Amino acid sequence: MRSYTTALCAAIAGALLAGCGANMAPASSGGSAGPMSLRYVPMSVYGDAAPSRAVSVLHQLAFPDKAKKLPSTGTYVTQFDSSAIFGYLADNKANKKPICSVSGVASVNDVAVDLKGNLIDPDGGSSYVIVHKGPTMCGKELGLIQDSAGQAADASSPDAVTGKIVVSNLAGPTSTAGTLSVCTLKGGCTVTLSNKTIYHSGGTAMAPNGDCWTDAKTSASGGAALIYFKGCAGGGKVATGFKPTYYGGIDLDNKGNLVIIDDMAEMVYIYSGCNPACKTVGGPFALKGESFFGKLSADNSTYTAVARANAEVDVYSYSTKGLKFQYSYNADLVASEVPDGIAVNPRSKG
């Protein structure tokens with residue numbers, strides 16, 4: 001099922017907006033989302049389909065659960081059917097509850113942080129990409145961007161405030177193929193990248209030099225291909241030497257290696273190059289649970305992934321020689337809400 005339809009324009013905070021057509025959306029902006037939000041029947045990356053549900057979204061500022069100074073390190077976790085992004089302690093062996101949250105979100109598959117710790121929310125249920133100030137966890141909203149090219153599912157940027165942000169659109173607005181949007185906080189999403197190999201666009205990553213990739217599902221029945229876009233532009237090239245049979249999340253380690261999940265096999269592959277020729281430098285390494293997205297810590301000592309069916313966050317030690325499970329936590333996570341996205345603050349520098 002590849003349904004992604006715009007249904008209605010919603011009135012928020014007592015303001016009724018007349019004349020909102022099916023394709024009407026607010027312009028790209030660096031300010032507040034304002035009173036209008038959009039309703040969608042979005043998709044989860046897990047099986048590419050979620051139960052049909054209409055959601056009205058007003059992205060809000062982040063507030064900690066209790067008035068206290070928040071740390072500049074931690075882990076963000078999303079649940080596709082939840083209205084909040086949770087912020088956890090960086091070391092959560094004690095399985096403590098979230099220390100803060102970003103509220104008013106919907107249908108978020110994955111999240112990201114840039115090299116300055118700014119949080120990027122590709123908010124699939126509202127058609128916005130929202131940036132929050134870092135490195136302090138759950139910082140204030142800095143701005144938002146309208147992404148009209150499809151359902152935002154993942155994002156990556158070395159500098160989300162002044163630089164480019166690449167956004168993976170799982171599918172187009174009329175069940176068309178997935179794409180990548182290239183956006184800036186000031187100028188909006190001005191470029192759409194496509195490749196005929198892409199059926200659905202999953203994980204994405206942007207290197208510090210501006211190159212970007214997406215791990216794509218190649219047909220309705222499955223398949224996977226890694227698409228490389230030099231300078232995050234052009235028509236892209238299909239990477240050679242790529243072995244996963246199903247798509248998943250991508251991260252870059254500090255040596256520029258791509259760390260990629262095969263969501264069907266629940267394996268992690270590590271590649272160098274992929275521009276477009278890939279060289280295997282590690283894996284496949286087995287994951288403990290069913291994970292689509294995973295992210296590295298700044299020093300690359302750990303790799304953290306969300307296990308959907310187990311509703312837990314799994315932390316592994318990381319090297320090109322293997323992943324070793326360390327511990328899990330699950331405070332406030334619920335399997336029925338589809339835990340899926342992850343961002344580690346500070347992130348890998350790759």
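Use the structure listed above.
The paragraphs below set out a description of the structure included in this document. Note that the structure is predicted; figures quoted are calculated from it, not measured. (Residues numbered from 1 in each chain as written. Predicted model: local features only at pLDDT ≥ 70, side-chain atom pairs only at ≥ 80, totals over all residues. Heavy atoms only, no water.)

## Comments concerning the sheet that holds strand E19 (residues 237–238)
- Here we have four strands laid out as an open sheet, ordered E16-E17-E18-E19, and antiparallel in their pairing. Looking at the sheet topology across the chains shown, the edges are occupied by strand E16 (200–206) and E19.
- Alignment of strand E18 (residues 222–229) against E19, held across two bridges, turns out to be antiparallel. Bridging across to E19, Tyr228 finds its partner in Lys237. (Pairing = 2+ DSSP bridges. Helix = DSSP H or I, 4+ residues; strand = E, 2+ residues; numbered from the N terminus.)

## Comments concerning the sheet that holds strand E9 (residues 119–123)
- Strands sit in the order E8-E9-E10-E11 across an open sheet of four strands; the sheet is antiparallel. The open sheet has two edge strands with one neighbour each: strand E8 (112–113) and strand E11 (141–146).
- Relative to E9, E8 runs antiparallel, the two sharing two bridges. Bridged to Val113 within E9 is Leu119.

## Some points on the pairing of strand E22 (residues 267–273)
- Pairing of strand E21 (residues 258–262) with E22 involves five bridges; the strand directions are antiparallel. Opposite Ile261, over in E22, you have Val268 as the bridge partner.
- Linking E21 back to E22 in an antiparallel pair, the connection comprises four residues, with Glu266 at a positive phi of about 55°.
- Where E22 lies against strand E23 (residues 278–286), six bridges are found, and the strand directions are antiparallel.

## A closer look at the pattern of salt bridges
- Counted under the stated rule, the structure contains six salt bridges.
- Glu312 is the salt-bridge partner of Lys288, the closest N and O atoms lying 2.6 Å from each other. Highlighted residues: Lys288 in the loop between E23 and strand E24 (294–296) and Glu312 in strand E26 (residues 312–319), separated in sequence by 24 residues.
- With relative accessibility at 43%, the residue Lys288 sits in the partly exposed group.
- Using a relative accessible area of 11% as the deciding quantity, one classes Glu312 as buried. (Salt bridge = Lys/Arg side-chain N within 4 Å of Asp/Glu carboxyl O. Buried < 20%, exposed > 50% of the residue type's maximum accessible area, 1.4 Å probe, protein only.)

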